[in-house]
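# Structural features, examined
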Amino acid sequence: QQNTEEQRDSILGTWMLVPGGFATSGPQFMMDYLNEDGRAAVLNYNPFTDDPTYRCEPVAIRRTWGAPGTPLSITREGDDVVIRHEWMDAVRVVHMDQDAAPAGTEPSILGYSVGHFENDVLVIETTHYTEGVLNQFVEVEGEPMRGLLHSDQLRTVERLSVDRERNRLIMSMDHFDPAWFTRDFPNYTREYRPSDLPIEPFGCIPEQLK
């Protein structure tokens, strides 16, 4: 157990989620704010067979940020910032020289990200998502297990910064999905500590679902 953490003065480097206090299953506040289309999608979804992780797909970026026990790295590559999560081998390119996704951008599970710095804070706006899953398992009293889904109209805004005094990466994320929800999501924030672990291949094997 190492007690000395490398002091970081930027978001760049390798980081590990600081665990604690986050329920990943159980009730989900936003299930009460689904509109008719959102509720219909949730009713059609079976979290035991339909979740993208069974196909080794990385799922919503909220879930990659919340994956415990695996490191992530943030690097500058040319004009872009690249975020690599070991979990599900998720790689995100944040396009720093664009204001929006180019016309004709195909939707994808991790969307299309553009970014800019506000002082030391990296602001990332992501659009062009395919429909996806924000929480795999949600307990709804008196009903089968559900998932919390998002539509292809989801827009996310992440803010990445370093708390130098505490030597932590702070990831603050807002979700907007007016197609399936009647209100905006509460802010989602996670903290990460410096890590010297390499990013290894995750090696997910798709499950053969009957």
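Check the entry above for the structure.
Keep in mind that what you see is a predicted model, and the values were worked out from it rather than measured. (Residues numbered from 1 in each chain as written. Predicted model: local features only at pLDDT ≥ 70, side-chain atom pairs only at ≥ 80, totals over all residues. Heavy atoms only, no water.)

### A few points about the nonpolar core
Operational definition: Within this scheme, the nonpolar core is defined by two criteria: the residues are buried Ala, Val, Leu, Ile, Met, Phe, Trp, Tyr or Cys, and they are joined through side-chain atoms within 4.5 Å. When accessible area is computed with a 1.4 Å probe and restricted to protein chains, residues below 20% of their type maximum are described as buried, those above 50% as exposed, and intermediate ones as partly exposed. Starting at the N terminus, helices and strands are each numbered in turn, a helix being any DSSP run of H or I of at least four residues and a strand any DSSP run of E of at least two. Two residues qualify as a contact provided that any one of their heavy atoms is within 4.5 Å of a heavy atom in the partner residue.
Ranked by internal contacts, the top residues of the largest apolar core, which has 25 residues, are W65, I74, L160, L169 and Y192. Considering every element that reaches this core, the biggest residue donor is strand β10 (residues 168-176), with three residues. If near-sequence neighbours (up to four positions away) are discounted, W65 is found in contact with L17, L72, I83, H85, R92, E158, L160, L169, M171, M173 and Y192. Among the nonpolar cores identified, the runner-up in size contains 19 residues, and A67, V133, L134 and V138 belong to it.

### So, the packing of aromatic side chains
Applicable threshold: Pairing of aromatic rings covers Phe, Tyr and the six-membered ring of Trp, with a centre-to-centre limit of 6.5 Å; geometry is then stacked below 30 degrees between planes, edge-to-face above 60, and tilted otherwise. Lysine NZ or arginine CZ positioned within 6 Å of the ring centre and within 35 degrees of the ring normal marks a charge as sitting over the ring.
Per the counting criterion, the structure on display carries four aromatic pairs. An angle of 45 degrees between the planes, with centres 5.1 Å apart, marks the rings of F29 and Y33 as tilted. Between the aromatic rings of F48 and F137, the centroid separation amounts to 5.2 Å while the plane-to-plane angle is 40 degrees, which identifies the pairing as tilted. Linking F48 in the loop between α1 (36-43) and α2 (61-65) with F137 in strand β7 (residues 132-138), this pair joins segments that are 89 residues apart in sequence. One Lys or Arg, R8, reaches over the ring of W15 and ends 4.7 Å from the middle of that ring.

### Overview of the pattern of salt bridges
What counts, and what does not: The rule for a salt bridge is simple: a side-chain nitrogen of Lys or Arg has to be within 4 Å of a carboxyl oxygen of Asp or Glu.
One pass over the structure, following the stated rule, counts 12 salt bridges. Put simply, E6 and R8 hold a salt bridge, and the shortest N to O gap is 3.2 Å. In this structure E6 comes out as exposed when scored by relative accessible area, which is 53%. Judged by its relative accessible area of 6%, R8 falls in the buried class.

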